[in-house]
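Residues per chain, in single letters:
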Amino acid sequence: KAVKDLASLPAYPDIGFRARGDWRLVWAKSDEGVGFIGTGLHRVALANLEDQFLSLEADGSCALTEVIRVLGPFPNVKNLLTGTSTIGPSTLRLTYTKVIDGTGAELTSSQARSVKLRLAALSKNLLVVAAASVDADDWLVFEREDNFADALESLRVPPNTPDGEDEEDSGGFKMPKMPWDKK
């Protein structure tokens, strides 16, 4: 009932401005919706999604950051999907052009894709979207994250670095550097 009430509210006139910033996933109707906007790598055996963040920038760029906990004495893994976003009164489209998994490897075309979501509600602190699925809409509720860098630090993964910067510690599994390795 509450989500339907939110969906019936009128659209905010400058929706792109209102949507800018960092958002933390706080509720999902199902795992299908979470996998729809992310990599789905949290479904691997002995893995659990710790957190998911969506960043929407003024220039139209976007990033989805997944933090996955692997059972055992392993560090948390960060997957990063980057690309562009388009937002309208009833639609949010994320077009991922680059996907970097927890090992630092760039994934191939199956992960680089376009995701169309129905924008149900948007306020100063809340973003509600729906991903169409076979059964019904998979609702995803995001809450504004005011301190994204601290949130990543508390999850024990490195912050996202802008394109072009060397990402020495990508937050995943890495082989040790050997003296003969080229930089």
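Because the structure is predicted, anything quoted here is derived from the model rather than measured.

Parameters at a glance
- Residues numbered from 1 in each chain as written.
- Predicted model: local features only at pLDDT ≥ 70, side-chain atom pairs only at ≥ 80, totals over all residues.
- Heavy atoms only, no water.
- Helix = DSSP H or I, 4+ residues; strand = E, 2+ residues; numbered from the N terminus.
- Contact = heavy atoms within 4.5 Å.
- Core = buried A, V, L, I, M, F, W, Y, C linked by side-chain atoms within 4.5 Å.
- Buried < 20%, exposed > 50% of the residue type's maximum accessible area, 1.4 Å probe, protein only.
- Pairing = 2+ DSSP bridges.
- Axes fitted to C-alpha atoms, helices over the stretch in contact; angles between N-to-C directions.

J.: Hey, could you run me through the environment of Asp101 in this one?
T.: With respect to the helices and strands, Asp101 occurs in the loop between strand E5 (91-100) and strand E6 (114-122). Those residues in contact with Asp101 that sit more than four places away from it in its chain are Leu41, Lys78, Asn79 and Leu107.

J.: I'm lost on the nonpolar core in this one. Help?
T.: The nonpolar side chains of a soluble globular protein tend to be buried, and buried together. Within the largest apolar cluster, 24 residues are counted, with the highest numbers of intra-cluster contacts made by Ile37, Leu54, Leu94, Leu117, Leu127, Val129 and Phe142. Residues contacting Leu117, with those up to four places away along its chain left out, are Phe36, Ile37, Ser90, Thr91, Leu92, Leu94, Val129, Ala130 and Ala131. Judged by nonpolar contacts, the second largest core, of seven residues, contains Val67, Ala151, Leu152 and Val157.

J.: Looking at this structure, I do not really get unusual backbone geometry. What am I missing?
T.: The phi torsion of most residues other than glycine is negative, and most of the peptide bonds are trans. Residue Leu46 is not a glycine yet carries a positive backbone phi of 65°. Looking at the element boundaries, Leu46 is found in the loop between helix H3 (31-37) and strand E2 (47-56). The exposed category is assigned to Leu46, whose relative accessible area is 58%. A positive phi is found at Arg156, a non-glycine position, where the angle reads about 65°. Inspection of the secondary structure puts Arg156 in the segment after helix H4 (148-154).

J.: Explain the sheet that holds strand E8 (residues 137-144) here, please?
T.: Pairing between the strands of a sheet is mediated by backbone hydrogen bonds and can be parallel or antiparallel. In spatial order, the strands read E1-E2-E3-E4-E5-E6-E7-E8; together these eight strands close into a barrel with antiparallel pairing. In this sheet, adjacent strand axes meet at a mean angle of 35° when their direction is disregarded. Bridge analysis of strand E1 (residues 21-28) against E2 gives four bridges, and the strand direction is antiparallel. Bridge pairing in E2 places Asp22 opposite Ser55.

On their own, these measurements won't tell you what the molecule is for.
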